[in-house]
Amino acid sequence: MESGQQLDWKNLGFGYHPTDYNVRCYYRNGQWGEWEVSSSDMITIPMASTCLHYGQESFEGLKAFRGKDGKVRVFRPEENAARMQHTSRGILMPELPTERFLEALDMVLHLNKDFIPPYESGASLYIRPLMIGLGKQVGVSPASEYMFLMFVTPVGAYFKSGFRPSPMAIMRGYDRAAPLGTGQYKVGGNYAASLRSGVLAHDKGYSAVIYLDAKEKLYIDECGPANFFGIRGKSYITPKSPSILPSITNKSLMQLAEDMGLTVECRPVHVEELATFDEAGACGTAAVISPILRVDDLDEDKSYVISKDGNPGPICTALYERLRAIQYGDYPDNHGWVRLYEDL
Ligand SMILES: *Cc1c(COP(=O)(O)O)cnc(C)c1O
């Protein structure tokens, strides 16, 4: 097995790189069992498992950052635990208590500490919690057994050639989630629904699809795997919709925007408002913020230029830098967002 020490931190992408261990736990007879530590990155499950047939699957994504001071910080893991519980309620899986989620996190970090990239690399350790329905059944009903698993993989700095705006597309022939469907839950099924349009958009040179609300196609929902926000004057404007996934990055940016004296508006955002934004971005754990250059509404033959000079705007840049600084320990954690590890 390759040790973390030998990795070329500077040239890591956002790919899967095996690490030493992962941790697992099974839910059987109505309760979660003990942790199992595994050095295998394979799982063996019944072929009649509900996760394989009926999409009983949820996941999370968060990161650990090594600071200049050598300490390791994980950004708001309690929020991921809570969101995973929300997803469990949504697709009838058992909830993993927050204490158990944090136990898994502490364990998986200690077991793989050599894979937490050094501060200077701009890389981080991506943490992927996952829950799947097992059971042996073919009838459509929730499983009686589940597996929770947490693995980690080191990932490179998201912006290799700098923090730059990219073009995004509206593709009216595709929806990610139904108005009262599973859009607010972090389940694989939403991703299956968005793969086709996502690949089409990439082939046309766009970094992401901006989905509109599926019912009226009037309001902005979100940007593929990230939430949307726009900046107009001194306002941070982000969509409120029952079919978007509540991003922890967005929630944090709303707080930071307020800290910086901006007004936060969380409300339906009409697609034509795109013409009025001084700046806009997609936000999520992977990139923190991906500034938007331009939005092309492909079926309407309409284009909204967001960045006039091709550069990220001052507010996007300030928000991005502030959040990154908190994650790496370069700015005080005034909101108590960071889980700090002194022994990794
Ligand atoms: C995970 C996810 C996000 C981003 O959430 P963060 O908590 O900020 O990483 C946004 N949209 C979708 C659809 C997601 O699955």
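Residues numbered from 1 in each chain as written. Predicted model: local features only at pLDDT ≥ 70, side-chain atom pairs only at ≥ 80, totals over all residues. Heavy atoms only, no water.

Student: Can you walk me through the domain arrangement of the protein in this structure?
Tutor: Frequently, the measure chosen for interface size is the accessible area removed from exposure when the parts meet. The assigned domain composition of the protein is domain 1 (2-153) and domain 2 (164-326). Computed over C-alpha atoms only, the centres of domain 1 and domain 2 are separated by 26 Å. Taken together, the 19 residues of domain 1 in the interface contact 18 residues of domain 2. Buried area between domain 1 and domain 2, both sides added, is near 1600 Å², and the carbon and sulfur share of it is 62%. (Domains from an automatic or database assignment. Contact = heavy atoms within 4.5 Å. Buried area = accessible area lost by both parts, 1.4 Å probe.)

Student: Help me out: how do you make sense of the site of the ligand in this one?
Tutor: Lining the immediate environment of the ligand, one finds 15 residues, of which Lys186, Tyr191, Ser247, Thr249 and Thr285 sit closest. The separation between an oxygen atom of the ligand and a polar side-chain atom of Lys186 is 2.7 Å. Taking Thr249, its side chain carries an N or O atom lying 2.6 Å from an oxygen atom of the ligand. For the ligand, the accessible surface in isolation is 380 Å², of which the surrounding protein chains cover 96%. Because more than half of its atoms lie within 2 Å of the grid, the ligand is assigned to the largest pocket. (Near = heavy atom within 4 Å. Polar contact = N/O pair within 3.5 Å; in protein donor to acceptor, adjacent residues only side chain to side chain. Areas by Shrake-Rupley, 256 points an atom, 1.4 Å probe, with all protein chains shown as cover. 1 Å grid on protein atoms, 1.4 Å probe; cavity = no way out; pocket = protein on both sides within 12 Å on 5 of 7 lines; lining within 4 Å. Sits in = over half its atoms within 2 Å of the grid points.)

Student: Honestly, the side chain of Glu60 in this entry has me stumped. Any pointers?
Tutor: Inspection of the secondary structure puts Glu60 in the loop between β4 (57-59) and β5 (62-66). According to the relative accessible area criterion, Glu60 is buried, its value standing at 0%. Other than its neighbours up to four places away in sequence, Glu60 contacts Asn80, Arg83, Met84, Tyr126, Ile127, Arg128, Pro129 and Lys186. (Helix = DSSP H or I, 4+ residues; strand = E, 2+ residues; numbered from the N terminus. Buried < 20%, exposed > 50% of the residue type's maximum accessible area, 1.4 Å probe, protein only.)

Student: Looking at this structure, how should I read the nonpolar core?
Tutor: Generally speaking, a soluble globular protein has its nonpolar side chains buried in company with each other. Formed by 38 residues in total, the largest nonpolar core has its most connected members in Phe101, Leu109, Ile127, Phe148 and Met150. For this core, the secondary structure elements donating two or more residues are β1 (22-28), β5, β6 (72-75), α2 (77-90), α3 (98-111), β7 (124-133) and β8 (146-155). It is α3 that contributes the most residues to this core, 6 residues altogether. (Core = buried A, V, L, I, M, F, W, Y, C linked by side-chain atoms within 4.5 Å.)

Student: Would you mind showing me how to read helix α6 (residues 314-327) here?
Tutor: In this model, α6 (14 residues) spans 20 Å end to end at C-alpha, consistent with the 20 Å of a helix rising 1.5 Å per residue. Looking only at α6, the buried set comprises Ile315, Cys316, Thr317, Leu319, Tyr320, Leu323, Ala325, Ile326 and Gln327. Following α6 by one or two positions, Gly329 adopts a phi angle in the positive range, close to 80°. (Expected span 1.5 Å × (residues − 1).)

Student: Explanation requested: empty space enclosed by the protein in the structure shown.
Tutor: It is the rolling of a water-molecule-sized probe over the atoms that shows where space remains empty. Going through the model one piece at a time under the given rule, you end up with 1 cavity of 30 Å³ or more. There is about 40 Å³ of room inside the largest cavity. Taken together, Asp175, Arg176, Ala177, Tyr211, Leu212, Ala214, Asp221, Glu222, Ser243 and Ile244 form the lining of the largest cavity. Looking at the lining of the largest cavity, the elements with two or more residues in it are β10 (208-212) and β11 (220-223). In the lining of the largest cavity, the residues fall into 5 nonpolar, 1 polar and 4 charged. (Points joined across faces, edges and corners; volume = space filled by probe spheres on them. Nonpolar A, V, L, I, M, F, W, Y, C, P; charged D, E, K, R; others polar.)

Student: I would appreciate a short explanation of the packing of aromatic side chains in the present structure.
Tutor: Within this structure, the stated rule accounts for 13 aromatic pairs. A ring pair is formed by Tyr27 and Trp32, whose centres lie 5.1 Å apart and whose planes are at 65°; its orientation type is edge-to-face. For the pair Tyr27 and Trp32, one class covers both residues: buried. Both rings, one in Phe59 and one in Tyr191, keep their centres 5.4 Å apart while their planes meet at 65°; by these two values the pair is edge-to-face. Here Tyr191 lies in helix α4 (residues 188-203) and Phe59 lies in strand β4, a separation of 132 residues in the sequence. Residue classification places Tyr191 among the partly exposed residues on the basis of a relative accessible area of 28%. Ring pairs connect the aromatic residues Tyr27, Trp32 and Tyr146, which therefore count as one cluster. (Phe/Tyr/Trp six-rings, centres within 6.5 Å; stacked < 30°, edge-to-face > 60°.)

Student: Please clarify how the layout of surface pockets should be interpreted in this entry.
Tutor: Within this model, the largest pocket holds a volume of roughly 1100 Å³. Lining the largest pocket are 50 residues; nearest its centre among them are Tyr191, Gly224, Pro225, Ala226 and Ala286. Counted by class, the lining of the largest pocket contains 27 nonpolar, 16 polar and 7 charged residues. Each of domain 1 (2-153) and domain 2 (164-326) accounts for three or more of the residues forming the lining of the largest pocket.

Student: For this particular structure, what's the right way to read the packing of α2 against α3?
Tutor: Relative placement of two packed helices is described by the angle separating their axes and the distance separating the axes. Remark: α2 packs on α3, axes separated minimally by 9 Å, with the N-to-C direction vectors making an angle of 125°. It follows that α2 is oblique to α3 by the angle criterion. In the crossing of α2 with α3, the sense of the turn from one axis to the other is right-handed. In this structure, α2 contributes Pro77, Glu78, Asn80, Ala81, Met84 and Gln85 to the contact, and α3 contributes Thr98, Phe101, Leu102 and Leu105. Each residue belonging to the contact of α2 with α3 can be placed in one class, and the counts come to 6 nonpolar, 3 polar and 1 charged. (Axes fitted to C-alpha atoms, helices over the stretch in contact; angles between N-to-C directions. Parallel < 35°, antiparallel > 145°, perpendicular 65-115°, else oblique. Left-handed = near helix turned anticlockwise from the far one by under 90°.)

Student: Where do I start with the pattern of salt bridges in this structure?
Tutor: Proximity of charged atoms lets side chains of opposite charge pair with each other. Within this structure, the stated rule accounts for 17 salt bridges. With a shortest N-O distance of 2.5 Å, Lys217 and Asp175 are connected by a salt bridge. Of this pair, Lys217 sits in the loop between β10 and β11 while Asp175 sits in the loop between β9 (166-170) and α4, and the two are 42 residues apart along the sequence. For Asp175, a relative accessible area of 34% corresponds to the partly exposed category. One salt bridge in this structure joins Glu265 and Arg267, with 2.8 Å as the shortest N-O distance. Among the residues examined, Glu265 registers a relative accessible area of 23% and is labelled partly exposed. Its relative accessible area of 23% is what places Arg267 among the partly exposed residues. Each of Arg232, Glu265, Arg267 and Glu273 takes part in a single network of salt bridges with overlapping partners. (Salt bridge = Lys/Arg side-chain N within 4 Å of Asp/Glu carboxyl O.)

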